[in-house]
Amino acid sequence: SPSGGSITTAGGYTYHTFTSSGTFTNTVANLSVQYLVVAGGGGGGGNQGGGAGGAGGYRTGSATLGTGNYSASIGGGGGNGGNGNSGYGSDGGNSSFNSLTSTGGGGGANMNTGAQTVNGRSGGSGGGASHWLNGNGSGGAGTSGQGNYGGNALDTESLGHNGGGGGGAGAQGGHGSNATGGNGGNGSTWLNGTTYAGGGGGGCYYNNNSGGSSNYSIGGGAGTGGGGRGSRNTQSKLSTNYSAPTTNQNGVDGYGGGGGGGGNNPGDGGDGVVIIRYQL
């Protein structure tokens, strides 16, 4: 039988799942296969309303393979952008199998000062935008056939500073609003019934100078398919009945999810995956 990766069976199919780079060795002449290639998700941007990382590119294919060895290359998730006043989360790495390559997710933007750009980075799915007083950034572009745009940011002095969600394979990242970071775009569901390549949620920061403690912002929700939740900044003034975590989640490894944005510790992107299935 063919070998390589983690081998499981379900519904009459055999699945080979690669969460790290390896080799699919085919011992069956003219083997008909279907495969999924998901790249690494982008890292989230930090510091107040940082933008979230975009999901890794999501592509599918089918082929009739001859006997021999076929490389499966897995892209790593991008690192987060830290808590500085400039920069981005890193883009995810590309994944590939049988000449099909998926593009790594775009990094989310940090809250940047001065005239520096606060737009999310482009990628398989685009990273979410951040903000500064001179304007709100726009989400990064997704790659056609692989993912979607990241969300835009919204900075309102009276309510909060909220970053955009990362794009996902199935939907664009949500825009920051008056009260929340943008939700991550949802991923897409493959033939095995599992959803992959969800975007991260945008980060948020409540303005301490804007009045009563009943006003607050919350981080954007994670996109289904491995995205990381957005976080609030630890300096935010919150109502006494609000107890959401101050830290966000990383994108999930093996799903290519984007890292959540915002806060002092934005999330890393999740590693990608290659899955091959067939019936004997």
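Above this text is the structure in question.
For the structure given in this document, a descriptive report is provided here.

The backbone of Asn30 sits at a positive phi, close to 55 degrees, despite the residue not being glycine. Tracing the backbone through its elements, the reader meets Asn30 in the loop between β3 (22-26) and β4 (31-38).

Turning our eyes to something else, we now look at the nonpolar core. Among the nonpolar cores identified, the biggest contains 16 residues, and Phe24, Tyr35, Phe97, Val274 and Ile276 are the most heavily contacted of them. Looking at this core, the elements with two or more residues in it are β4, β5 (58-65), β6 (68-73) and β16 (273-278). Here the element with the most residues in this core is β4; it accounts for 4 residues. Not counting chain neighbours up to four residues away, the residues in contact with Phe97 comprise Phe24, Tyr35, Val37, Leu65, Tyr70, Ser71, Ala72, Val274 and Ile276. Within the second largest apolar cluster, 11 residues are counted, among which are Tyr15, Val38, Trp190 and Ala197.

Read across the sheet, 5 strands follow the order β1-β2-β16-β4-β5 without closing on themselves; strand pairing throughout is antiparallel. Across the chains shown, the open sheet's two edge strands, defined by having one partner strand only, are β1 (6-10) and β5. Between one strand axis and the next, the sheet turns through 20 degrees on average, direction left out of account. Two strands pair when backbone bridges link them, and β4 and β5 are joined in this way by 8 bridges, in the antiparallel orientation. Residue pairing across strands places Val37 opposite Arg59, the latter belonging to β5.

A word on the pattern of salt bridges. One side chain can pair with another of opposite charge once the charged atoms of both are near each other. Here the structure, examined in full by the defined rule, presents 1 salt bridge. A salt bridge links Asp91 to Arg121, with the nearest nitrogen and oxygen atoms 2.9 Å apart. With a gap of 30 residues between them, Asp91 in the loop between β6 and β7 (95-97) and Arg121 in the loop between β8 (100-102) and β9 (131-132) connect regions that are remote in the sequence. Judged by its relative accessible area of 31%, Asp91 falls in the partly exposed class. Assessed through its relative accessible area of 35%, Arg121 is described here as partly exposed.

Counting through the fold element by element, Gly68 comes out in strand β6. What makes Gly68 partly exposed here is its relative accessible area of 26%. The residues contacting Gly68, other than those within four sequence positions of it, are Phe24, Thr25 and Asn26.

Turning our attention to the packing of aromatic side chains. What characterises a pair of aromatic rings is the spacing of the ring centres plus the angle enclosed by the ring planes. Applying the stated criterion across every chain yields a total of 7 aromatic pairs. Where Tyr13 meets Tyr15, the ring centres are 6.4 Å apart and the plane angle is 50 degrees; that geometry is what we call tilted. On the basis of relative accessible area, Tyr15 is assigned to the buried category, the value being 7%. Between the aromatic rings of Phe24 and Tyr278, the centroid separation amounts to 6.4 Å while the plane-to-plane angle is 55 degrees, which identifies the pairing as tilted. Of this pair, Phe24 sits in strand β3 while Tyr278 sits in strand β16, and the two are 254 residues apart along the sequence. Here the two residues Phe24 and Tyr278 agree in accessibility, since each one is buried. Joined through ring pairs, the aromatic side chains of Phe24, Tyr35, Tyr70, Phe97 and Tyr278 make up one cluster. Here the guanidinium or amino end of Arg277 rests over the ring plane of Tyr13, the centre of that ring lying 3.6 Å away.

Turning our attention to the side chain of Asn162. Among the structural elements, Asn162 can be located in strand β12 (residues 160-162). Note on Asn162: relative accessible area 0%, which makes it buried. Within the local environment of Asn162, its side chain forms a polar contact with the backbone oxygen of Ser177, the two atoms lying 2.8 Å apart.

Rules of the game
Residues numbered from 1 in each chain as written. Predicted model: local features only at pLDDT ≥ 70, side-chain atom pairs only at ≥ 80, totals over all residues. Heavy atoms only, no water. Helix = DSSP H or I, 4+ residues; strand = E, 2+ residues; numbered from the N terminus. Core = buried A, V, L, I, M, F, W, Y, C linked by side-chain atoms within 4.5 Å. Buried < 20%, exposed > 50% of the residue type's maximum accessible area, 1.4 Å probe, protein only. Contact = heavy atoms within 4.5 Å. Pairing = 2+ DSSP bridges. Axes fitted to C-alpha atoms, helices over the stretch in contact; angles between N-to-C directions. Salt bridge = Lys/Arg side-chain N within 4 Å of Asp/Glu carboxyl O. Phe/Tyr/Trp six-rings, centres within 6.5 Å; stacked < 30°, edge-to-face > 60°. Lys NZ or Arg CZ within 6 Å of the ring centre and 35° of its normal. Polar contact = N/O pair within 3.5 Å; in protein donor to acceptor, adjacent residues only side chain to side chain.

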